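The lines below spell out each chain.
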Amino acid sequence: MVKFSSKNIDDWSELANRELENKIRDGKQKLIWESEEGIQLKTLYTKDDLEGLEHLDTMPGFPPFVRGPKATMYSGRPWTIRQYAGFSTAKESNAFYKKALKAGQKGLSIAFDLATHRGYDSDHPRVIGDVGKAGVAIDSVEDMKVLFNEIPLEKMSVSMTMNGAVLPILASYIVAAEEQGVSMELLSGTIQNDILKEFLVRNTYIYPPESSMRIISDIIEFTSKKMPKFNSISISGYHMQEAGANQVQELAFTIADGLEYVKAAISNGLKVDDFAPRLSFFFAIGMNFFMEVSKLRAARYLWAKKMKEMFKPQNLKSLMLRTHCQTSGVSLTEKDAYNNIVRTTVEAMAAVMGGTQSLHTNSFDEAVALPTEMSSRIARNTQLILQNETSITKTVDPLAGSYYVESLTNSLIVHAEKIVDDILKLGGMTKAIEIGYPNKLIEESAIRKQAKIDSEDEIIVGVNKFINENEKDFDILEIDNTEVRKEQIDSISKIKVNRNNKRCEMALKSLTKAARDKNGNLLELSITAAKERATIGEISYALEKVFDRYQEKLNITRGVYTKGFGDHIQIDDIKESISQFVQEVGRKPKMLVAKLGQDGHDRGAKVIASSFSDLGFDVKITKLFLTPMELLKESEKIKPDIVGISSHAAAHMTLVRDFMKLSKINKKNFLVICGGVIPKKDINKLKDLGVAEIFGPGTNIINACYKILNLIKYGKKSNI
């Protein structure tokens, strides 16, 4: 057996360092570089990098929980496989859930359609294109009963991603369970109930921030007293990373959101230990493997530290950060989509190595449409394989002690805590959002990332390098939105005919009065209204009468895209082409960027508006949630050279079609392009409607800019 002395090791270390120095001198290697999070990273880490790190002397299951919230972690019980899904109607979703549970899924995670998220019933004129498109349509207790038919809710943990219409959805779930014989005390699971992140990125809000915070406080109060097994809130960073936040920003803003919710609950009269042990978190897991592993470890440390400093809980569980994770949606590509199976596997392993409590793995086709049964099975089996074939569940925190991981964990703690402290100095997350501080950082991060991809400083396999020239199409799930909406409207009509309308109206008036008088628990009153068969839209509107409906105006961030683009020759070339247009026409090319329907995912629209503005276009961006008629009026007012419609939630075939028809009726001949998540099968359909060009996921903005400039200069306007 060979013996290795410390002298040998020191000699080899010196040789390794010398070899590294030679490569650095030759320009083949960097010794230190800065990540997009602003963290200084090194090519080589040694034991010296662990000197003085505070978080090292910890054990799993004990504060500050860096190594995991439970002492045995997965060796005692693996993480919960909780696939996020919802398909058009409650009946179809129920059938899918039962198949998934039979195939090994351990918990349910419900995806609602955008009409439901925004508190509209399916018969509302603003949601014609959204019903059943990006999740399941729920209008009442009756829909909720169908959704969970023959699923034992006393045994099944149910997670519901709902924030805007959180009161009527949670109330309807509680009533549906009770009418199926399961009391609320037995219900386990989580309601997301995280409205602050909606104002930051996802935008499925209904009411203004202050009123929304009251709703959250009432839900925390009610559930802490009457639903001991139920998590009252899932504080979500996931959508922040999806919108472009780097991992430090996602971590910091999520922790800051959580602290804000704790403050709100305490100000509502609750003691921290009455509710904090039931708080849960939700993080995105992207392709930066070690950064994601370290992020989850840092999150547990930072939460325990801030909770202890600020609120001094007596129950150690109040310091414990428990989290669900989901593999990244934004890392999925439309081009060469089967690569997404590998991406999801890598991300799932990062979540597990970081110590998540439950996990959703995205399907490979979700960059294009809702997943099919086949793609969902692959995504679910990814987790089953990790649990059953890899042995990674046998050891707690297997990357503990890694020079790199421990150093990175510390760096994330330090960088994120600085942002958290800055937010606390501003007065907390609500105040920070009101002045636009976190929004600005996320938007700038998203634009910088896009610039890196477009200039190939960041490689996406199959998108900007290693292109598959023989790519084949694959089957995707199609939803008949018209048929779904008809079924939902019929169901609503039957409910209103069969209920006691007088008692329903009284319950809704009581809810409005409580909102106005700031008296009474809004969840408790929503449960009463749901029992009387008030619909999701009616309960939401009862509160809207007092709180109003919030509307955010989108901004254009300037100066970030061109600065972050590595190849300035390309930038100079496109700017020169635009300058020639200005000389010929006497003004800049004018673009109007818009979103239609209830889709609040605005990352794509903002990135396009900001980058095109940087390159020399005169860009205007509309507010969110427009109807086709409202977009027509906005277009008539601005008179753009081109109208760009961004689609993310599969409503384009309804809403773009309606916009084109209205344009024809009103004899307005706009040049129209579409971008975003648009399946290949829909491209020719949209072009037949008169759409000039389609730009799918992964589009290079510089190339798109040339195409659009040529369309404006030489292309014919849509002859509709």
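The coordinates are above.
In this text, all values refer to a predicted model and were calculated from it rather than measured experimentally.

Describing the overall build of the protein chain
Of the regular secondary structure elements, the protein chain holds 28 helices and 16 strands. Principal axes of the C-alpha set define a box for the protein chain whose edges measure 85 × 70 × 50 Å. For the protein chain, buried positions account for 58% of its 720 residues. As presented, the protein chain carries roughly 30,300 Å² of accessible surface, and 51% of it is formed by carbon and sulfur atoms.

Some points on the pairing of strand E6 (residues 188-191)
Burial along E6 is two-sided: the face carrying Ser188 and Thr190 and the face carrying Gly189 and Ile191 are both buried. Sheet analysis places strand E5 (residues 157-160) next to E6, joined by four bridges and oriented parallel. Counted as the bridge partner of serine 159 is threonine 190 from E6. After leaving E5, the chain enters helix H6 (residues 166-179) and then returns to the sheet as E6, a path that is right-handed. Examined bridge by bridge, E6 and strand E7 (residues 230-231) share two bridges and lie parallel to one another. Bridging across to E7, threonine 190 finds its partner in asparagine 231.

A short note on a nonpolar patch on the surface
Taken together, the side chains of Ile459, Val461 and Phe466 define a hydrophobic patch exposed on the protein surface, amounting to about 280 Å² of accessible area. Tracing the backbone shows isoleucine 459 in the loop between helix H17 (437-454) and helix H18 (481-498). On the basis of relative accessible area, isoleucine 459 is assigned to the partly exposed category, the value being 36%.

Observations regarding helix H8 (residues 209-226)
Between the first and last C-alpha of H8 there are 26 Å, a value that for 18 residues agrees with the 26 Å anticipated at 1.5 Å per step. Counted residue by residue, H8 has 14 buried out of 18 residues, so it is predominantly covered.

Some points on the sheet that holds strand E8 (residues 233-236)
One open sheet accounts for nine strands, arranged E7-E6-E5-E4-E3-E11-E10-E9-E8; its pairing is parallel. Of all strands in the sheet, those bounded by a partner on one side alone are E7 and E8. The pairing of strand E3 (residues 80-85) with strand E11 (residues 358-360) spans two bridges and is classified as parallel. What sits directly across from threonine 80, in E11, is serine 358. Of the strands in this sheet, E3 and E11 touch helix H14 (residues 373-389), which is tilted by about 170 degrees from E3.

Rules used throughout
- All residue numbers here refer to positions counted from 1 along the written sequence of the relevant chain.
- Note on the predicted model: pLDDT of at least 70 is required for a residue's local features to be given, and 80 or more for side-chain atom pairs to be given and counted; whole-chain, interface and lining totals, by contrast, use all residues.
- As a convention, hydrogens and water are excluded, and side-chain values are obtained from all of the structure's heavy atoms.
- Strands are runs of DSSP state E lasting at least 2 residues, helices are runs of H or I lasting at least 4, and numbering of each runs from the N terminus.
- When accessible area is computed with a 1.4 Å probe and restricted to protein chains, residues below 20% of their type maximum are described as buried, those above 50% as exposed, and intermediate ones as partly exposed.
- Computed with a 1.4 Å probe, the accessible areas rest on the Shrake-Rupley method; for each residue, only the protein chains presented here act as cover.
- Only strands joined by at least two bridges in the DSSP assignment are considered to pair.
- Seen with the strands pointing away from the viewer, any crossover whose path from the first strand over the helix to the second strand runs clockwise is right-handed.
- Only residues whose relative accessible area exceeds 30% and that take part in no salt bridge are eligible for patches, with like-charged residues grouped when within 9 Å of each other and nonpolar side chains (Val, Leu, Ile, Met, Phe, Trp, Tyr) grouped when within 5 Å.
- When a carboxyl oxygen of Asp or Glu is within 4 Å of a side-chain nitrogen of Lys or Arg, the pair counts as a salt bridge.
- To estimate how far a helix should extend, the number of its residues minus one is multiplied by 1.5 Å.
- Here, residues are in contact when the closest pair of their heavy atoms is within 4.5 Å.
- Under this scheme, a helix contributes an axis fitted over its contacting stretch, all axes are lines through C-alpha atoms, and angles between N-to-C directions fall in the 0 to 180 degree range.

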